[in-house]
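# Descriptive analysis of the structure
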Amino acid sequence: MRNFNFSAGPSMLPLEVLEKVRQGLTDYEGTGMSVMEMSHRSKPYQAINDEAEASLRELMNVPENYDIIFVQGGASMQFEAIPLNIHKSGKADYVVTGNFSGKAYKEAKKYGDMAEAASSADKNFTYIPRLNKSMFRPDADYVHICYNNTIFGTRYSEIPDTGNIPLAGDISSCILSQEIDVSKFGVLYAGAQKNVGPAGVTIVIVRKDLQDLANPICPTMMKWSTQIKEKSLYNTPPCFSTYVAMEVFRWLKKNGGVKWIQKINEDKAAMLYDFIDNSAFYSNSVEKPYRSLMNVPFVTPSEDLDKEFVAQAAKEGLLSLKGHRLVGGMRASIYNAMPVDGVKKLIEFMAKFEKANK
Ligand SMILES: *Cc1c(COP(=O)(O)O)cnc(C)c1O
């Protein structure tokens, strides 16, 4: 039996994709072996690598002057790769809207003169600060933002205008969940384990003019140009994760792409937020314009009830609803692969729990 897994990541994958992967697990398309056992230099793997790249380009409408690479190290390694790869003045500006953007800022400080251009720490990261060009240093090498804040449940309602300064965006928890105008960014990156596939592969999308600026101390393995030149095959890539990602891209394309899933995501999120807003028992403290489509934190009137909620929900097959330790309460992560029925079942359970406990 499949449960509804509301984990913030790794998270659910579409059942159809898992079944497809199972079919080829011991014999992938007549090769007599699994993708896990296959040389990354073999023809079948080359085809997987090429298709994954081409499909992602199509799904995200990535312009020609950007390269896409599949690398290891997670989104967290890009926190350091960014200051090491985009190095001119050695200055960069960070917008701190939660845990991951804070970590990115902290790591970058090791490599240059980094500044916090804005932060929402004053209200425990329940909103996104208003940004304008004048808040950034004109000679900054880039401005870094985290588009969707996985822990605090916020997202940008618009892409900030940084003028000529390249914008670097962490899209780990919102990639492929909504349309994103890639051309507004210099670099975008995302770990796979929320909306794309199994952990292990990380997507980096880099504009061509930012590919030749690396700090000389940048490790070869972290230099984007290393993998760009070799089409992500400089060393052994996370083959199986990339393969599953390719199947997820096929699933999205077959059904109508990002437009299709965005509509479903908006419907799912609206159902859940409406229920919370209409209840005197549950609450979500994020300012409405900045509410995440993907991660919905909420609380009951007491910490004891929160604990009870998580325990009882798990018994009904609604898993991993415990909030992050920085926020407490609950968090429902409703990524692309979470079916509408999962959200409906969660809301039914919430109503039942409220009745029994108010
Ligand atoms: C999960 C997450 C990360 C960390 O990703 P790793 O792949 O574990 O390094 C970074 N940023 C955001 C926004 C995330 O959601």
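Criteria and thresholds
Residues numbered from 1 in each chain as written. Predicted model: local features only at pLDDT ≥ 70, side-chain atom pairs only at ≥ 80, totals over all residues. Heavy atoms only, no water. Buried < 20%, exposed > 50% of the residue type's maximum accessible area, 1.4 Å probe, protein only. Helix = DSSP H or I, 4+ residues; strand = E, 2+ residues; numbered from the N terminus. Pairing = 2+ DSSP bridges. Salt bridge = Lys/Arg side-chain N within 4 Å of Asp/Glu carboxyl O. Expected span 1.5 Å × (residues − 1). Contact = heavy atoms within 4.5 Å. Near = heavy atom within 4 Å. Polar contact = N/O pair within 3.5 Å; in protein donor to acceptor, adjacent residues only side chain to side chain. Areas by Shrake-Rupley, 256 points an atom, 1.4 Å probe, with all protein chains shown as cover. Core = buried A, V, L, I, M, F, W, Y, C linked by side-chain atoms within 4.5 Å.

Residues Leu167 and Gly169 of strand 8 (residues 167-170) are buried on one face, and the alternating residues Ala168 and Asp170, pointing to the opposite face, are buried as well. The pairing of strand 5 (residues 143-146) with strand 8 spans four bridges and is classified as parallel. Pairing of Cys146 across the sheet is with Asp170, part of strand 8.

This model, assessed by the stated rule, comprises 22 salt bridges. Close ionic contact of Lys110 with Glu80 constitutes a salt bridge, the shortest N to O distance being 3.2 Å. Of this pair, Lys110 sits in the loop between helix 4 (99-108) and strand 4 (113-119) while Glu80 sits in helix 3 (residues 74-85), and the two are 30 residues apart along the sequence. Exposure remark for Glu80: the relative accessible area of 18% places this residue in the buried category. A salt bridge links Asp209 to Arg207; its shortest N-O distance comes to 2.7 Å. Judged by relative accessible area, which is 46%, Asp209 ranks as partly exposed. For Arg207, a relative accessible area of 18% translates into the label buried. In this structure, a network of salt bridges that share partners links the residues Lys20, Glu51, Glu247 and Arg250.

What follows concerns helix 6 (residues 239-255). With 17 residues, helix 6 extends 25 Å between its outermost C-alpha atoms, agreeing within 8% with the 24 Å of an ideal straight helix rising 1.5 Å per residue. Among the 17 residues in helix 6, 12 count as buried, and that is most of the element. Among all positions in helix 6, only Cys239, Ser241, Thr242, Tyr243, Val244, Ala245, Met246, Glu247, Val248, Phe249, Trp251 and Leu252 are buried. Its buried side turned inward, helix 6 meets helix 1 (15-23), helix 2 (43-60), strand 2 (66-71), strand 10 (202-207) and helix 7 (257-277). Count one or two residues on from helix 6 and you reach Gly256, which has phi positive near 125°.

This next bit is on the site of the ligand. In the vicinity of the ligand, 13 residues are found, and the nearest of them are Ser76, Thr150, Asp170, Gln193 and Lys194. Take Lys194: an N or O atom from its side chain is 2.7 Å from an oxygen atom of the ligand. The fraction of the free accessible surface of the ligand (390 Å²) that becomes covered by protein chains is 86%. Tallying contributions element by element places helix 3 first for the shell around the ligand, with four residues.

Attention now goes to the nonpolar core. Soluble globular proteins: nonpolar side chains tend toward being buried together. Counting 58 residues, the largest nonpolar core has Met60, Ile171, Leu176, Ile203, Ile205 and Phe249 as the members making the most contacts within it. When residues in this core are grouped by element, the largest group, nine residues, is from helix 6. Within the second largest apolar cluster, 33 residues are counted, among which are Leu293, Ile334, Ala337 and Phe349.

Honestly, that's just the spatial picture; any functional story needs more than this.
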